[in-house]
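Geometric and topological summary
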Amino acid sequence: MTAAAIELRNLNKSFGLAKIIQDVNLEITKGERHAIIGPNGAGKSTLFNLITGKYAPTTGQVLLHGQDVSGKKPFEINRMGLSRSFQITNIFHKMTVFENVRCGLLWSMGYKYNFWTMVNGQRELTRRTDEILEQINLTKRRDMLAGALAYAEQRALEIGITIAGGADIIMLDEPCAGMSHSETDLIVDLIRKVTEEKTLVVVEHDMGVIFDLADRISVLVYGEIIETDTPERVRASKAVQEAYLGTTLEEEAS
Ligand SMILES: Nc1ncnc2c1ncn2[C@@H]1O[C@H](COP(=O)(O)OP(=O)(O)OP(=O)(O)O)[C@@H](O)[C@H]1O
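A brief look at the structure comes next. (Residues numbered from 1 in each chain as written. Predicted model: local features only at pLDDT ≥ 70, side-chain atom pairs only at ≥ 80, totals over all residues.)

1. As for the overall build of the chain
Using the following cut-off: Comment: elements are numbered from the N terminus, with helices defined as DSSP H or I runs of at least four residues and strands as E runs of at least two. Any residue with 12 or fewer other C-beta atoms within 10 Å of its own C-beta is exposed, any with 20 or more is buried, and the rest are partly exposed; the C-beta atoms used are placed from the backbone. What counts as a contact is two residues whose backbone-derived C-beta atoms lie within 7 Å of each other.
Along the chain, the regular secondary structure elements total ten helices and ten strands. Here the chain holds 254 residues, and the buried ones make up 40% of them. Once local pairs closer than 6 in sequence are excluded, the contacts in the chain between residues at least 24 apart make up 66%.

Laid out in structure tokens, this is it:
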């Protein structure tokens, strides 16, 4: 049997005396689109940060493709094929759209920031950068400063940077935050397209996005996963409805 793309084993995280993540066990299959939802303060970002290595677990393990990565640094986890986006847009405003994506590619290739003298003439790099710009629908904005893009385009660019390194596990933190309905629809299509055949983990408040995008959903409440199931079953779950304190998931999704 092939190992899960991500496996969380008895994962716990405390800040001081506060237990924020409590005994989380979860397997996310290779190629699955998995969403983590839960009320405000449930611990979604903390869980996200435990998987990406920003936080080390207090106890328990995080495995990527069967390999224990608990306590590894974010860049080491990135090198093992996991790439993340940030809740707050994280792009270089004074670089062009093209340069931002190229930077993501170079970073993943290990050039880090010493690349300025090495990049010219690297046709393969340019070809791959343009390919990503096409995928994220920003070809027309190629030479524009990233800071001048509309907000939704900046989020699309960030997704481009996230996928640039060719990671096979993509983690997105609230990719649709602050967007209108029509912008959200475009970003969801884009996410679906760029994560084909990859494993996706997404934390998102917008229920419409989650039900549209996810193969399975984990519901986190007070740091514990109370349910992991298909969108249909999660939507119908009494325990999940109660966790949202009276607001039905249908209401949230509409
Ligand atoms: N670095 C930290 N130090 C101390 N407490 C923290 C830290 N990070 C998060 N917390 C606490 O952990 C709890 C969960 O926070 P977290 O941001 O993970 O929740 P969330 O589900 O992502 O919330 P939201 O939906 O509002 O973004 C909160 O009570 C928060 O105050």
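2. Points about the nonpolar core
In a soluble, globular protein the nonpolar side chains are often hidden away together inside. Condition: The nonpolar core criterion groups buried Ala, Val, Leu, Ile, Met, Phe, Trp, Tyr and Cys residues into a set whenever they are joined through C-beta atoms within 7 Å. Source of the domain bounds: an automatic or database domain assignment.
Membership of the largest hydrophobic core comes to 67 residues, with the highest contact counts inside it found for Leu-157 and Ile-210. Here this core gathers at least three residues from each of two domains, domain 1 (1-81 + 201-253) and domain 2 (83-166). Every residue in contact with Ile-210, bar those within four places of it in the chain, is listed here: Ala-35, Ile-37, Glu-204 and Ile-217.

3. Regarding the sheet that holds strand β7 (residues 169-173)
Our working rule: Here, any two strands with at least 2 DSSP bridges between them count as paired. Only the stretch in contact is used when a helix axis is fitted, and all axes are lines through C-alpha atoms; the angle between N-to-C directions ranges over 0 to 180 degrees.
With respect to topology, six strands assemble into an open sheet ordered β6-β7-β8-β3-β9-β10, the strand pairing being mixed. Every interior strand has two partners, whereas the edge strands, β6 (82-84) and β10 (224-229), have only one. Taking each pair of neighbouring strands and ignoring which way they run, the sheet shows an average axis angle of 15 degrees. In this sheet, strand β9 (residues 216-221) lies alongside strand β3 (residues 33-37) in parallel orientation, the contact comprising four bridges. Bridging across to β9, Ile-36 finds its partner in Ser-218. Packing against the sheet, helix α1 (residues 44-52) makes contact with β3, β6, β7, β8 (199-203) and β9, and its axis sits at approximately 150 degrees to β7.

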